[in-house]
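Listed below, chain by chain, are the residues.
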Amino acid sequence: MSIIFTEASYAAFLYGGGLCEVCKKPTDALYCSFGIKLRLCRSHSCKSKWIDKGDRKHFDHRILPHDEEIKQCIPWVENNECLLPNKFGSKHVKLYRDSDSVREALDCIATNDYLENNKAKIALIIKYMEFCTKLDEWKALRQHSYTSNEAINDGFARMIATTYGLKNQRIERVTQSDYNSVASKVERLLIKLADARERKGREAVYLKNRTDVAEHYQRLRSKQPPVALPSLEVFRRLPIIEMVQGTSPATVEYPPKEGSLSVAATLRNQKWVADRLETELQQWKDKAKKDLGAVLGFPNWKTASSMIVHPVGRISARFLCKICSKVSARYREDDCLDFAGACAHACRTKKKDKRVDGIWTASNFVKDTKAIAALNKVFTLFDVDESLSNAFLILACQGARVMCTTCQPGIVMDYQYGIGHSHRHERMDMKLISHAEAINLLQQSPFVPSIVRLISGSAPRKKAVRADVNFGCRHCLNLELASVVPVETGEQNSAVKAETTAIPDNANVNQAAEGKHRKAKPVEKRFSFPGITSHLKEK
């Protein structure tokens, strides 16, 4: 059959093995039918299921007038006896795959000269089925040889066992007295097996419970507006969570009762559980507020006014971890934590970067004096009372109007960016500039809020953004711009000219005399993302 198979494909066809069509488990059994390439495992139930509900078809001439044409173009079961003896009667009753017949029926309807167009296919089917019939005869001989050799080998093994006085449980009948002699050992093995199965079952249930709790925790974190939550490890220690999740595999309910709710369904649908969880979370947050308030210097803080924000909820409430000094990706730009960040913070050990099995405590945090000092100056510049609930909205509406004067030349930013920027200086000085000044300065060196968070990370989307963007250094660009006086006249630009201090005095005199000056165009340096990272490290 060189027309149909190569040597390699023929070997794979016979001995390649595959998946059982019923149970979908791998099997090395030969095809049950070579004609329709039906592979079933050695399980009798799989063969019975395929016979009852499998992909097979009897052609009935009363259904469609072109069935005779279709049957010539599809292969069939070469020997019905390969399924169950006498199940389908005579060998002349052909069995086809129903999917093959449907495909060919559609082709036959759509084609005018169906048989004429499929002459080559019909000839190949005839050769292929003759070949499959011979393969079926070979398979029957192979099976007969296997069975007879197995019987001969068993007889030879019994003879050897008898000659040497050996006892083999496979070839010798086991009696009750034989079992009684090893009954205690069998019982120990059975108990050990039962314990192992129960242990694996409990571990699987406990792992599923922990996964459900983690998913519910992420669901709470994604709520809008965001709420302050403890870290996941602390969340698992809440009494109601320990009750529904269990504290170890030994404490879970196993086997689960019929009709019992999963942990996920319990947390979502059981109102008393949700109410209890909300109460425990509120109690935890109240204690965290009190303890972190003491860290900020407000022990036992209380107020009768609903308009006054708790000290830990204010914009200037900024914390640092004494244990690891690290922050999550969300706070990378700030380089410090607010109240929600401190609550959710979980330290990592330096070795292998694993999380510390933690009990959260406010004593692990200190206040970020640099960020707090910078924010207090911002409140003074904008004349905002940070204790009021609308302080955040007032500052957010101001935009980028804060200039860091400690940097030379000054860099324009908004108050939020100033939180992280304050860590660059021992003492950060700043001033407030007008909207017109801010627009003028940001035309050459635009300010992009949260750019570090938007482009940093290992996500493919962020890597793609970094590859398509050229970056510039605002500090270097400002240095170049500081040496250039813009071509402006009139009183409305006097404030901007007065702040340009990098121009030599004689140049100013000449420009004043001439009333104009030559405009020097700064050279903008552009970097790739690795380039700007190296550039910033140099600074």
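Quick caveat: nothing in here was measured; it's all calculated off a predicted structure.

Rules and cut-offs
- Residues numbered from 1 in each chain as written.
- Predicted model: local features only at pLDDT ≥ 70, side-chain atom pairs only at ≥ 80, totals over all residues.
- Heavy atoms only, no water.
- Helix = DSSP H or I, 4+ residues; strand = E, 2+ residues; numbered from the N terminus.
- Buried < 20%, exposed > 50% of the residue type's maximum accessible area, 1.4 Å probe, protein only.
- Areas by Shrake-Rupley, 256 points an atom, 1.4 Å probe, with all protein chains shown as cover.
- Polar contact = N/O pair within 3.5 Å; in protein donor to acceptor, adjacent residues only side chain to side chain.
- Contact = heavy atoms within 4.5 Å.
- Pairing = 2+ DSSP bridges.
- Axes fitted to C-alpha atoms, helices over the stretch in contact; angles between N-to-C directions.
- Arc of directions from axis to C-beta.
- Disulfide = S-S within 2.5 Å.
- Core = buried A, V, L, I, M, F, W, Y, C linked by side-chain atoms within 4.5 Å.
- Phe/Tyr/Trp six-rings, centres within 6.5 Å; stacked < 30°, edge-to-face > 60°.
- Salt bridge = Lys/Arg side-chain N within 4 Å of Asp/Glu carboxyl O.
- pLDDT = per-residue confidence, 0-100.

**Considering the overall build of the chain**
Looking only at helices and strands, the chain features 22 helices and 7 strands. When burial is assessed residue by residue, the chain has 34% of its 539 residues classed as buried. Counting only carbon and sulfur atoms, one obtains 55% of the accessible surface of the chain, whose full area is about 34,400 Å².

**Side note on the side chain of Q398**
Within the secondary structure layout, Q398 lies in helix 14 (residues 391-398). A polar contact is formed between the side chain of Q398 and the backbone oxygen of I394, at a distance of 3.4 Å. Leaving out residues up to four positions away in the same chain, Q398 has contacts with F382 and H435.

**Description of the sheet that holds strand 7 (residues 430-432)**
In space, the 3 strands of this open sheet follow the order 6-5-7, with antiparallel pairing throughout. Each edge of the open sheet carries a strand with a single partner, namely strand 6 (411-413) and strand 7. Between one strand axis and the next, the sheet turns through 30 degrees on average, direction left out of account. In terms of strand pairing, strand 5 (residues 402-404) meets strand 6 through 3 bridges, oriented antiparallel. Residue M403 lies in a different strand from strand 6, and its bridge partner there is V412. Along the sheet, helix 13 (residues 369-382) contacts strand 5 and strand 7; its crossing angle with strand 7, the most-contacted strand, is approximately 25 degrees.

**Describing helix 2 (residues 44-53)**
By the burial criterion, the buried members of helix 2 are C46, W50 and I51. Around the axis of helix 2, the buried residues are gathered within 135 degrees of arc, so they sit on the same side. Pointing more than 90 degrees away from the buried face of helix 2 are the exposed residues H44, K49, D52 and K53.

**So, the state of the cysteines**
Counted under the stated rule, the structure contains 0 disulfides. Among the cysteines around C20, which has no disulfide bond, C23 carries the closest sulfur, lying 3.6 Å off. No disulfide involves C46; its sulfur sits 3.5 Å from the nearest other cysteine sulfur, which is in C41.

**A word on the nonpolar core**
Core analysis: the largest hydrophobic core is formed by 27 residues, its most contacted members being I315, L395 and M413. Looking at this core, the elements with two or more residues in it are helix 13, helix 14, strand 5, strand 6, helix 15 (415-421) and helix 16 (435-442). The dominant element in this core, judged by the number of residues it contributes, is helix 13, at 6 residues. Apart from the residues within four sequence positions on either side, I315 is in contact with L375, F379, E386, A391, F392, L395 and Y415. Formed by 21 residues, the second largest nonpolar core is a distinct cluster that contains V312, C324, Y331 and A342.

**Quick notes on the packing of aromatic side chains**
A full pass over the atoms with the stated rule returns 12 aromatic pairs. With a centroid separation of 5.9 Å and 50 degrees between ring planes, the pair formed by F5 and F131 is classed as tilted. On the criterion of sequence distance, the pair formed by F5 in the segment before helix 1 (7-15) and F131 in helix 6 (residues 119-164) is long-range, its members being 126 residues apart. Per residue, the accessibility class of F5 equals that of F131, and both read buried. Look at W360 and F365: their rings are 5.8 Å apart centre to centre, the planes differ by 40 degrees, and that puts the pair in the tilted class.

**A closer look at unusual backbone geometry**
For the bond running from Q224 to P225, omega is -5 degrees, close enough to zero to count as cis. Take P225: it is sitting in the loop between helix 7 (176-221) and helix 8 (232-236). A cis amide bond links Y254 to the next residue, P255, at an omega of -10 degrees. Position of P255 among the secondary structure elements: in the loop between helix 9 (239-245) and helix 10 (263-269). Its identity as a non-glycine residue notwithstanding, D335 has a phi of 60 degrees, on the positive side. Residue position: D335 is located in the loop between strand 3 (319-321) and helix 12 (339-344). Take D335: its relative accessible area is 38%, and that puts it in the partly exposed class.

**Points about the pattern of salt bridges**
This model, assessed by the stated rule, comprises 16 salt bridges. Here D275 and K271 are joined by a salt bridge, their closest N and O atoms 2.8 Å apart. On the criterion of helical spacing, the pair formed by D275 and K271 is a turn pair, its members being 4 residues apart in helix 11 (residues 271-296). A relative accessible area of 60% places K271 in the exposed class. Notably, a salt bridge pairs K370 with E426, separated by 3.6 Å at the nearest N-O pair.

**Topic: helix 14**
Taken residue by residue, helix 14 has A391, L395 and Q398 as its buried positions. Down the axis of helix 14, the buried side of the element spans an arc of 55 degrees, and every buried residue falls inside it. Exposed residues pointing more than 90 degrees away from the buried face of helix 14 are listed as L393 and C397. Buried residues in helix 14 make contact with helix 13, helix 15 and helix 16.

**Notes on the confidence of the model for the chain**
Note that predicted coordinates carrying low pLDDT should not be read in detail. Counting all residues, the mean pLDDT for the chain is 81, and 81% of those residues have values of 70 or more. Long-range and interchain partners of residues 485-519, a stretch whose pLDDT sits below 50, account for 27 contacts in this model, where long-range means more than four residues apart.

**Some points on the environment of Y206**
In this structure, Y206 sits in helix 7. Along the sequence, Y206 and T247 sit 41 residues apart, while their C-alpha atoms lie 8.5 Å from each other. Contact partners of Y206, with chain neighbours within four places excluded, come to Q245, G246, T247, S248, P249 and V252. A distance of 3.3 Å separates a polar atom in the side chain of Y206 from the backbone oxygen of T247.

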